[in-house]
Every structure is written in C-alpha cells, then in structure tokens.
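Structural description and commentary
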There are 2 protein chains.
Amino acid sequence: MTTPAPVSAGSRDLPHPPREEIRLEGVLQALSDPMRLRIVRELAAVGDELSCSQFDLPVTKSTSTHHFRVLRETGVIRQVYRGTAKLNGLREDDLDDLFPGLLAGVLDAAARQDARLGSGPALPSGHAAPRRGQQ
Amino acid sequence: MTTPAPVSAGSRDLPHPPREEIRLEGVLQALSDPMRLRIVRELAAVGDELSCSQFDLPVTKSTSTHHFRVLRETGVIRQVYRGTAKLNGLREDDLDDLFPGLLAGVLDAAARQDARLGSGPALPSGHAAPRRGQQ
DNA sequence: TCGTTCGTACGATAGTCATCGTAGTACGGC
DNA sequence: GCCGTACTACGATGACTATCGTACGAACGA
C-alpha cells in the first residue's frame, strides 16, 4: 500500500466533528491551553482563515500540528487543505449556534486579562518553554 | 512538625487567590472537567453556599476534596469552614468583574447542551466510573 | 525531475491530573 | 473524655498531554 489512490485533486480532507457532536467540556479544555487560546484569538482578530505557518508560535512544528489538531477535533476550528498549506478558520457559526455568546465571552475575557496584565494591545507572549527547535 | 500552631479560633482559613490573580486559563481548565462543571452548575442553580456533602458526586470523598480544591485555587469558588462542614460559594462577584458574562455564558452553554442531549431538566448523571468507594 | 516549502506521523519523554484507599485532624454533641 | 461526622493529607496509580526530534508525504515552481 504505497498510497493506493490519493483521490482528492486539490485537497485531502480532514475529519471534523459534526456540529451536534461538539461538546462544551471539549471546547473549554481546548481553550484552556495558552497556545491554543492564542491561536483562536488570532483567528478571531483576523476574521479570516490563516495557514498554520502564519502563526508565530514558540513551539516546534510538531507541537503546532498537535494543537491545531486538538482544536479541530474538539470542533473549535475548521481546517482545509489549500495546496501545500492548510487553512484554519474558526467555526463561529457552529459554536454560536450551540453555545451563543460563549466564544465571544471567552475572547472578551482574554482581551480584558491581557489589558489588565499589561501585555500590550497585541497577543500575549510565552508561557512555557521559549526554546525553539527545528520549526 | 505535628501541626505547630493551628492559629485560627473558630475557622481554619483556606488560601484563596486574590481577584487580580485569577487567570482565565485556570478558570477554563477548572470548568472543563465534567465533575467540576457539575459542582459549579449546582452552586449557581442554588444561588447559595453548599457544604461539600450536599453534592451527590459519583466519586469518593478524596476525589471530591480534590475537585473542590481545584475550584478554589483557580478562583472559581470560595470556601469557608463552618463548624465541621465547609461551605462552598461561587465567586460570582470576582468573576463577573474580571470576565463579565463568562460564567453566565458557560452556564448557559451547559444548560443548552443538557437540553440538547436530553439529559432532562436536572443535572447530568455519570460519565466516568460509576463505582463508589468509601464515600 | 529536482528541490523547496508546508505540514504529518511516529516514537519518546516528562509532566500533570483524576482517581482511589488509608490514615488522620477538626469540630460538635453526648 | 469519647464518639461520630466532615473533610484533609499522603501516597500510589493509570491515563492523558505538551513537548520534542526525526523521518516522511504532498503540492508547487524551476
């Protein structure tokens, strides 16, 4: 089986949970990680889809992949291949339908905390290991 | 060191984080556990303080203590000794000040999810191990 | 076809955490 | 003073997870 049939022309597709299977506990857990909260905040700020490499995260590519996958599998983001890149977008529609106001509340809370802690108007910085491997 | 000096007369007091030290990530993580979310929902529903033993949680007392401590240390609840019992109350004031609407949003989301999944109007039931040890 | 870029898969590792059981402390009533 | 109730502390354990590094796969451009 050496990749029998790639099928998809311009996009392999990734497994996403359907709207009804998104669980609040999962979403909260996903958002409770600083790295993932940062990703989500940036996506919300941009209001558009971003490829993984557009985020300047202080972790290696493998770890980055891990976090994006967690976000996708918990239903927080949507991922689509676009050529060699992978576009990430918030599932605002689904989240707002299931849990109206929740995402906005978390984003607002994060912004307030940032302002309060004086992390400047931009996004927060490190929190764990600032070492950067291969990336 | 056999408890050198208990100090407090009628109430040993427990360490709570001051309002300014409550972190969003901590709160989200605390709420992402089903058992703890259940505790918080019950506290919010009652709107008053409850002792630990008033919750009928499907875990042993040790585990219960653990969850209450996590909630206290992350700043979600306030705990005060009252005789042999320990009263637990939501820190709604502090949370609403730091993150307006967040707690309400999470509680509302939990209620909606319950309704959607048909867990009845009451609180959800088990989710992990229904075995009950000493308790 | 070749190389580059972007991301994945896999294995390893260290840390955290939810859970338990047992033993112990604090308070209040008898 | 003694006992029961309420909760804690400690140690153990199994599971999960955030991180890394290396090796690989897929798309694109020259």
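Here is what the cut-offs are and how they apply
- Residues numbered from 1 in each chain as written.
- Chains lettered and ligands numbered in written order.
- Predicted model: local features only at pLDDT ≥ 70, side-chain atom pairs only at ≥ 80, totals over all residues.
- Heavy atoms only, no water.
- Salt bridge = Lys/Arg side-chain N within 4 Å of Asp/Glu carboxyl O.
- Helix = DSSP H or I, 4+ residues; strand = E, 2+ residues; numbered from the N terminus.
- Buried < 20%, exposed > 50% of the residue type's maximum accessible area, 1.4 Å probe, protein only.

An unreviewed UniProt entry lists chain A under the name Transcriptional regulator, with Streptomyces ruber given as the organism.

1. Quick look at the pattern of salt bridges
Applying the stated rule across the entire model yields 16 salt bridges over all chains. For R41 of chain A, the salt bridge goes to D114 of chain A, with nearest N and O atoms at 3.2 Å. Within this pair, whereas R41 of chain A is found in helix α2 (residues 34–46), its partner D114 of chain A is found in helix α5 (residues 102–117), the two being separated by 73 residues in sequence. By relative accessible area, which is 12% here, R41 of chain A ends up buried. Looking at D114 of chain A, the relative accessible area reads 7%, which means it is buried. Two residues, D108 of chain B and R112 of chain B, come together in a salt bridge whose shortest N-O distance is 2.9 Å. Residue D108 of chain B and its partner R112 of chain B are both found in helix α5 (residues 102–116); the two are separated by 4 residues, about one turn of the helix. Its relative accessible area of 30% is what places D108 of chain B among the partly exposed residues. On the basis of relative accessible area, R112 of chain B is assigned to the partly exposed category, the value being 39%. Taken together, the shared-partner salt bridges connect R19, R78, R91, D93, D94 and D97 of chain A into one network.

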